[in-house]
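Topology and contacts: notes
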Amino acid sequence: MSAHIAFRGVSKRFQVKVRGSRQHSEFTAVDTVDLDVERGEFVVLVGPSGCGKSTLLDLLGGLTEPSEGEILLDGRRITGPGLDRGIVFQQYALLPWRTAQGNVEFGLEATGVPRRHRAERAREFLDLVGLTGFEDRHPHQLSGGMRQRVAIARSLAYDPQVLLMDEPFAALDAQTRESMQDELLRIWQRTGKTVVFITHSIDEAVHLGQRVVVLTSRPGRVKETVAIDLGDRTRQEDPRSSPEFARYRHRIWDLLHDEVSRAQQQEKEVVGA
Ligand SMILES: Nc1ncnc2c1ncn2[C@@H]1O[C@H](COP(=O)(O)OP(=O)(O)OP(=O)(O)O)[C@@H](O)[C@H]1O
C-alpha cells in the first residue's frame, strides 16, 4: 500500500537576483527529497537554519510547487492548498477583530459547515484545546499560548487529515511551550491526525515525534530518519529526563552538529562573496 503522504524526488529551486546585476541565478533550497509519512503518524523535521524546512512544509501545504518531483496525498498529487491540510505557523495569524470563537468559526466558513453548526463546532474545538470560558476574548486579551491554541483549534475544526505545523511554539516561553507540547500530544492521540511538525528544538523533536527527520544544510536533503520509541509521553511523570530521552537527544544533536557547522560556513561564504 502506498503512503499517506509521499514526497517523490522533490526539489525546489528559487530564482534569485545576482547582487549588483540584473541577472538571476537559480538557487536550490530543497534537493531530491524522498519521504513517506503514514496516516496518523507524528513526524518532526529538524535541520539547520535555511535548510528548507519551511519550503518543504509550504510544498506539502500546496502554497508553492516543486521544481521537480511530486508530493502525493493518498496517491493524489498535491497541486494547491486544500482543506485536507491545516497549517499552523509560528505567528498566530488570527483575525484581531474577531473573538476566539469567531476566529475558529472563520475557519469553518470556507468549508460549507452550515452557520448553525459552526458555533457548536467552534466551542467543541476550543474545549479540546482547553479554552472553554475564553470564547469571547479577542486575541489581544489572550496570552501567546492561548492564541496559539486558538490557531490550532481553528485548523482542527474543519477536520483536515493532516496538520502542518511550522515552529508553532517557537515564540512561547519555556514553560508554556512544554505544556503546549503535552497538549498537542493529547490532541494528536484524541484526533488521530497526521502531524508534520518543524522545530529548531531537539528536545521538542524528541518529545513529540514518532520519527525525527534530520535534514542536511542547504540544499535540504534527508540526512537520516530517527525512530523515537519512548512510549506514551502523556502518561509519564517527567519523560524529558529519562536516560532514553537523553540518548535520542544526543543522537540527533550529533547528526545536526556537522550540518549546522556547514550551514554557518555557507552563510559566511555568502556574506563574504
Ligand atoms: N521565495 C523565495 N525566494 C528565494 N529564496 C527563498 C524563497 N523562500 C525561501 N528561500 C530560500 O530557501 C532556503 C530555505 O528556506 P526555508 O525558509 O525553507 O528554510 P528553513 O529551514 O525553514 O529556515 P529556518 O530554520 O531559518 O526557518 C533559504 O536559503 C531561503 O533564503
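A brief report on the enclosed structure follows. (Residues numbered from 1 in each chain as written. Predicted model: local features only at pLDDT ≥ 70, side-chain atom pairs only at ≥ 80, totals over all residues.)

As a further point, take helix H4 (residues 144–157). For H4, built from 14 residues, the straight-helix expectation of 20 Å at 1.5 Å per residue is met to within 8% by its first-to-last C-alpha distance of 20 Å. Taken across its 14 residues, H4 has 12 buried, putting it largely inside the fold. Turning to H4, its buried residues are Met 146, Arg 147, Gln 148, Arg 149, Val 150, Ala 151, Ile 152, Ala 153, Arg 154, Ser 155, Leu 156 and Ala 157. Just beyond H4, the residue with positive phi is Asp 159, at close to 60 degrees. (Helix = DSSP H or I, 4+ residues; strand = E, 2+ residues; numbered from the N terminus. Expected span 1.5 Å × (residues − 1). Buried ≥ 20, exposed ≤ 12 C-beta atoms within 10 Å, placed from the backbone.)

What follows is about the site of the ligand. Within the structure, the ligand sits among 13 residues, and Phe 14, Ala 29, Ser 49, Ser 54 and Thr 55 are positioned closest to it. Looking at the shell around the ligand, the elements that each hand over two or more residues are strand E1 (5–17), strand E2 (24–37) and helix H1 (53–61). Top contributing element to the shell around the ligand by residue count: H1, with three residues. Of the residues that constitute the shell around the ligand, the class distribution is five nonpolar, six polar and two charged. (Near = placed C-beta within 6 Å. Nonpolar A, V, L, I, M, F, W, Y, C, P; charged D, E, K, R; others polar.)

This part takes up the environment of Thr 191. When you line up the elements, Thr 191 lands in helix H5 (residues 174–191). Along the chain, Thr 191 and Ala 153 lie 38 residues apart, while their C-alpha atoms are 12 Å from each other.

Before going further, it helps to examine the nonpolar core. Membership of the largest hydrophobic core comes to 64 residues, with the highest contact counts inside it found for Val 44, Val 46, Leu 60, Ala 153, Val 196, Val 212 and Ile 252. With seven residues, H4 is the single largest residue contributor to this core. Per-domain counts for this core show at least three residues from each of domain 1 (5–84 + 161–272) and domain 2 (94–159). Among all residues touching Val 196, those that are not within four sequence positions of it are Val 37, Val 43, Leu 45, Leu 57, Leu 60, Val 162 and Leu 164. (Core = buried A, V, L, I, M, F, W, Y, C linked by C-beta atoms within 7 Å. Domains from an automatic or database assignment. Contact = placed C-beta atoms within 7 Å.)

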